[in-house]
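These are the residues of each chain, in order.
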Amino acid sequence: MRALRFLPLAVADALAVYGLVALGGQRSWWMFALLLAGTVAINAVYLSRRAVPAKYLAPGIVLLLIYQVYVVLYTGYAAFTNYGDGHNATKSDAVAAILAASEVKTGESRPIRVAEKDGQLGFQSGPGWRALPYAEIVARQAEIVKLRVPAEGGVLKTADGVTAALYRPTLTYAGGVFTDRAGTVYRDDGRGAFTSAGGRSLSPGWKVFVGTENFTSVLTNAEIRGPFLGVLVWTFVFAALSVALSFGFGLVLALILDGYRVYRSLLVFPYAFPAFMAALLWQGLLNTDHGFVNEVLLGGATVPWLSDPWLARLSVLAVNVWIGFPYMFLICTGALQAVPRQLAEAAQVDGAGPWRVLASVRLPLLLASTAPALVATFAFNFNNFNVIYMLTGGGPRDAGAPIDVGSTDLLISLVYKLAFGGTSRNYGLACAVSILIFAVIAAVSLAGFRRARRLEAAA
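Quick look at the structure, then. (Residues numbered from 1 in each chain as written. Predicted model: local features only at pLDDT ≥ 70, side-chain atom pairs only at ≥ 80, totals over all residues. Heavy atoms only, no water.)

Remarks on the overall build of the protein chain
Logical step 1: The number of helices and strands found in the protein chain is 18 helices and twelve strands.
Logical step 2: For the protein chain, the spread of C-alpha atoms along the principal axes amounts to about 110 × 70 × 45 Å.
Logical step 3: Within the protein chain, the proportion of its 459 residues that are buried is 35%.
Logical step 4: Look at the contacts in the protein chain between residues 6 or more apart in sequence, and 58% of them connect residues 24 or more apart. (Helix = DSSP H or I, 4+ residues; strand = E, 2+ residues; numbered from the N terminus. Buried < 20%, exposed > 50% of the residue type's maximum accessible area, 1.4 Å probe, protein only. Contact = heavy atoms within 4.5 Å.)

In structure tokens:
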């Protein structure tokens, strides 16, 4: 039984050895060294009889390093590169891909026999070569399609394993430059691409360090600056109004329903319902042609709740408040119950009316205790991807914008579109915008917490 205690460690070591072999084969020596050091550290912790606290901390630390520290560091690294479509590999990979893409078929297809000798495939026969049977050709189709056999100043390639054709490149690579048949020279432009004197670039390029270009382009590139600033303003408006309206509704209901337990319990249901499912439900309810709101509540009207820019913003805001106000209701209910009744009674003895007691006694104490929650809620809504993506997908799209951006896009959904949407994904720019989002939220949160401390001191 004691040996079973080491079974999880043995499994982890086996996976680590597999990872080390794979990383060594790819020559990823930095990752190799980190994985090796981590494996040695884990074994030292769990094979020691003294490091008892470390045995409990180790899993959390490992997960923190993998899912938080590594992600943050890689995001920071990618933000200073041109990483994206057409620039996601090394220079040598780009050279090989450009040469392969430049090959043009120059002859008719002719029958060939795929054969194997000493573990290598070829289109040959003779001593030492074993012709592959049809069943093996089918089984190794992916390997055979990649086969390139030099012949007659070009290469023979096959698409079916039965016939092959001669392909010759239209570009030559020598001395670090490409030259086409017309004599045009393509040189390394220092920005991850081979570019001619006329400005034409070969594709694909490769990943290079571009410094702060991604950050500066957000404010200096006309194609990005306008949409980015528009999304930035809407993100602040959306987050601020979501907090203000949710808090306002929650506070009013907490005051009105003080003592009504059944009604207070019913108001928790929107908060208990998953937010992304609530957004999908509201998407159906607000459908222009068949939605419940238009068909039933408005008697068959065709109000474009999700396709008109301003109505879409209003709809997104309303749905987000509907999802979020129960949380504020709970927070306000708890905070109001924590206010000493003696303070309200003393104010009433001094002649203060109900509104004066609320404004001068209960509300300041309420704000002092809920201010951290308000700051956290603002930060959450600043990055509220679920509601935007599930309800409108960021739309309706701004047809006049040069990038894929919509009227309801927040900064976080804009980052998603830059990284994963469309046909021109720009991971480096998306990472740079992510860092800018972090800086904005950090600044707002810092100011909010300072204000919260002042409220606490005043209370």
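Structural notes on the sheet that holds strand S11 (residues 185-188)
Whether parallel or antiparallel, the strands of a sheet pair through hydrogen bonds between backbone atoms.
Logical step 1: Pairing within the open sheet is antiparallel, and its four strands lie in the order S9-S10-S11-S12. For this open sheet the edge positions go to strand S9 (171-174) and strand S12 (194-195), each flanked by a neighbour on one side alone.
Logical step 2: In terms of strand pairing, strand S10 (residues 177-180) meets S11 through two bridges, oriented antiparallel. Bridging across to S11, threonine 179 finds its partner in valine 185.
Logical step 3: Relative to the sheet, helix H4 (residues 91-101) contacts S9, S10, S11 and S12, its axis offset from that of S9 by approximately 150°. (Pairing = 2+ DSSP bridges. Axes fitted to C-alpha atoms, helices over the stretch in contact; angles between N-to-C directions.)

Some details on the environment of alanine 312
Logical step 1: Mapped onto the secondary structure, alanine 312 falls in helix H13 (residues 309-338).
Logical step 2: With a relative accessible area of 0%, alanine 312 lands in the buried category.
Logical step 3: Taking the C-alpha atoms as reference, alanine 312 lies 42 Å from glycine 353; in sequence the two are 41 residues apart.
Logical step 4: Contact partners of alanine 312, with chain neighbours within four places excluded, come to Trp305, Leu306, Gly395, Pro396 and Thr408.

Description of the packing of aromatic side chains
Logical step 1: Within the structure shown, the criterion is met by 20 aromatic pairs.
Logical step 2: An angle of 80° between the planes, with centres 6.0 Å apart, marks the rings of tyrosine 173 and phenylalanine 194 as edge-to-face. Of this pair, tyrosine 173 sits in strand S9 while phenylalanine 194 sits in strand S12, and the two are 21 residues apart along the sequence.
Logical step 3: Phenylalanine 194 sits in the buried class, given a relative accessible area of 0%.
Logical step 4: Ring geometry for phenylalanine 385 versus tyrosine 416: centroids 5.3 Å apart, planes at 55°, classification tilted. Of this pair, phenylalanine 385 sits in helix H16 (residues 385-391) while tyrosine 416 sits in helix H17 (residues 411-420), placing them 31 residues apart in sequence.
Logical step 5: Since its relative accessible area comes to 33%, tyrosine 416 is described here as partly exposed.
Logical step 6: Among the aromatic residues, ring-to-ring pairing joins Tyr83, Phe385, Tyr389, Tyr416, Phe420 and Tyr427 into one connected group.
Logical step 7: Note that arginine 313 overlies the ring of tryptophan 234, its terminal NZ or CZ placed 5.8 Å from the centroid. (Phe/Tyr/Trp six-rings, centres within 6.5 Å; stacked < 30°, edge-to-face > 60°. Lys NZ or Arg CZ within 6 Å of the ring centre and 35° of its normal.)

Quick look at the side chain of asparagine 381
Logical step 1: With respect to the helices and strands, the residue asparagine 381 is situated in helix H15 (residues 354-382).
Logical step 2: Among the residues examined, asparagine 381 registers a relative accessible area of 5% and is labelled buried.
Logical step 3: A distance of 3.2 Å separates the side chain of asparagine 381 from the side chain of asparagine 384, its partner in a polar contact.
Logical step 4: Each residue touching asparagine 381, except ones within four places of it in the same chain, is listed here: Phe238, Ala239, Ser242, Val243, Asn320 and Leu410. (Polar contact = N/O pair within 3.5 Å; in protein donor to acceptor, adjacent residues only side chain to side chain.)

Observations regarding the pairing of strand S8 (residues 163-169)
Strand residues, when the strand is regular, have side chains that alternate between the two faces of the sheet.
Logical step 1: Note: strand S1 (residues 103-105) against S8, three bridges, orientation antiparallel. Counterpart to lysine 105 in the pairing with S8 is tyrosine 167.
Logical step 2: Looking at chain direction, strand S2 (residues 110-111) and S8 are connected through two bridges and run antiparallel. Within S8, the position partnered with arginine 110 by the bridge is alanine 164.
Logical step 3: Strand direction decides the pairing type here: strand S7 (residues 154-158) and S8, joined by four bridges, are antiparallel. Residue pairing for S8: threonine 158 is matched across the bridge by alanine 164.
Logical step 4: Counting the residues that bridge the hairpin from S7 to S8 gives four residues, and of these glycine 161 lies at a positive phi of roughly 80°.

Side note on the sheet that holds strand S5 (residues 130-131)
Logical step 1: Overall, antiparallel pairing links the three strands, which are arranged S4-S3-S5 in an open sheet. Since the sheet does not close on itself, it has two edges, and those belong to strand S4 (120-122) and S5, each with one partner.
Logical step 2: Bridge count between strand S3 (residues 115-117) and S4: three bridges; the pairing is antiparallel. Opposite glutamate 116, over in S4, you have leucine 121 as the bridge partner.

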